[in-house]
Amino acid sequence: MTEIQDATDAFRKDLSSSTFVRAMVETGVRPFYRTMHMTGDGEAVVEGRNVVMAGCNDYLGLSTDPRVTAAAAEALTRYGASCSGARTLNGTLPLHGELEARIADFLGTEAAAVVTTGFQANLAVAALIGRGDIVFSDMSNHASLVDGIRLGAGRRVLYPHSDTARLDTLLEQAAAAEPTAGKVLVTDGMFSMDGDLCRLPALTELAARHGARLVVDGAHDIGLLGPGGRGVAEHFGLMDRVDLFTGTLSKCFGSTGGFLAGPAHVIDYLRYSARSILFSASMPPAALAAGIAALGIAAAEPWRRRRVLALAEALRAGLRALGYDTGDSVTPVVPVLIGDATTCALMWQALLDEGVFTNAVGAPAVPEGRCVIRVTVQATHSDVHLERILDAFAAAGRRVGRVPDLPAQAVAR
């Protein structure tokens, strides 16, 4: 390797600038890149140890459902492990068309396109943002949306999280300064770290009043929210007010892969213009078949949505009874505010010692100094699992000084 000694070395980088990673190093805690696998019953094996899995996005518990894995196995045997090419060339199977038709039908859109990952679905949005366009983005949007917007040729304007009054002002200013600019509002439907929902009624009103298009990333809410599980737009009764949906199969639908759904002419344009679609290997057969099976199960078994939402409500109540701050979460994503990075690292380790796997989250995923333990529940969790999670938070909190030494009966059930 070339030896370069001065500050001009592009490789002269390390992780010391990250206070969160530095805290992990100083405490010896390893919350990331642990080897594990889920066992299909709300639990997982983490480096040889069985624990309650309270740190994954398999909200409906479908990733290990026998019907989903059987469909994946059949497709693997029939079509092989890979399409070995991009969709545009040799990478389109009958399964692609079937999954796209089912997604479009599920969301009530004219068309849909599936891509290899949810991240790539949001990168594809860049193709819609041309020179002279302005994109208005919630500051808490997922990194994939942020990167998709950055890749576009238009101007990016950030607004404070869910501050629709500020967004209104920014739209008015943009209209005055650049009256011919195309305008696009981009937001997560359900925010992946806070567990709260976008203010979709206000966003649709602003989009209509200012002549803007509205793009909603339903990665975490499509399959989960609304009477039919169609996401935050159905939850608010505004399915016809969203211009373009993006989403993923890796949360509610037990697989991997992403999609875009909207007007046929927009989807066709993206198929031939979005670089993350054009120049990426096609979604593999097993993932396609798993997604098709999971989509059908999710639609046919609404008890999964009801179960996970009820568990999340009970979890928030129990954590609040212990004295924890769970923010504005109304979903199966429950952030527990810890604060500084060192305490968050110690808290994560204490929870794992108690037999519960969670997610330690710091900057840049959350603001500096507002580290959280991110807890998620699944439809396959039992009431006993919920008790174990709450008991673990009681014990771990006492160990790191986050909660008082409460008696066991103080833990909400």
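Each remark here, short or long, concerns the structure printed above.
Quick summary incoming for the structure in this document. Keep in mind that what you see is a predicted model, and the values were worked out from it rather than measured. Along each chain, the written sequence defines residue order, and numbers are assigned to residues from 1. Totals for whole chains, interfaces and linings use all residues, but because this is a predicted model, local features are given only for residues with pLDDT of at least 70 and pairs of side-chain atoms are given and counted only at 80 or more. Here the side-chain values reflect all heavy atoms present in the structure, with hydrogen atoms and water set aside.

Here we come to the pairing of strand 5 (residues 134–138). Of all 5 residues making up strand 5, 5 are buried, and the element is well covered by its neighbours. Relative accessibility decides the category of a residue: with a 1.4 Å probe and only protein chains considered, values under 20% of the type maximum give buried, values over 50% give exposed, and everything between is partly exposed. Where helices and strands are cited, they refer to DSSP runs of H or I of at least four residues and of E of at least two residues respectively, numbered from the N terminus. Neither face of strand 5 is left uncovered, since the one carrying Ile-134, Phe-136 and Asp-138 and the one carrying Val-135 and Ser-137 both have all their residues buried. Following DSSP output, two strands are said to pair if at least two bridges run between them. Direction of pairing for strand 5 relative to strand 6 (residues 155–159): parallel, over a ladder of 5 bridges. If you follow Val-135 over to strand 6, its bridge partner there is Arg-156. The parallel pair strand 5 and strand 6, bridged by helix 5 (residues 143–151), forms a crossover whose chirality is right-handed. Pairing of strand 5 with strand 7 (residues 183–188) involves 4 bridges; the strand directions are parallel. Directly across from Ser-137, in strand 7, lies its bridge partner Val-186. Call a crossover right-handed when, viewed with both strands pointing away from you, the route from the first strand across the helix to the second goes clockwise.

Right, let's talk about helix 12 (residues 303–321) for a bit. How far a helix is expected to stretch is found by multiplying one less than its residue total by 1.5 Å. With 19 residues, helix 12 extends 27 Å from end C-alpha to end C-alpha; this agrees with the ideal 27 Å at 1.5 Å per step. Among the residues of helix 12, those classed as buried are Arg-304, Arg-305, Val-308, Leu-311, Ala-312, Leu-315, Arg-316, Gly-318 and Leu-319. Buried residues along helix 12 cover an arc of 165° about the axis, so they all sit on one side. The exposed set on the far side of helix 12, more than 90 degrees from its buried face, consists of Arg-306 and Glu-313. Of the residues flanking the end of helix 12, it is Gly-323, one or two places downstream, whose phi is positive at about 100°. The directions considered for the arc are those from the helix axis to the C-beta atoms.

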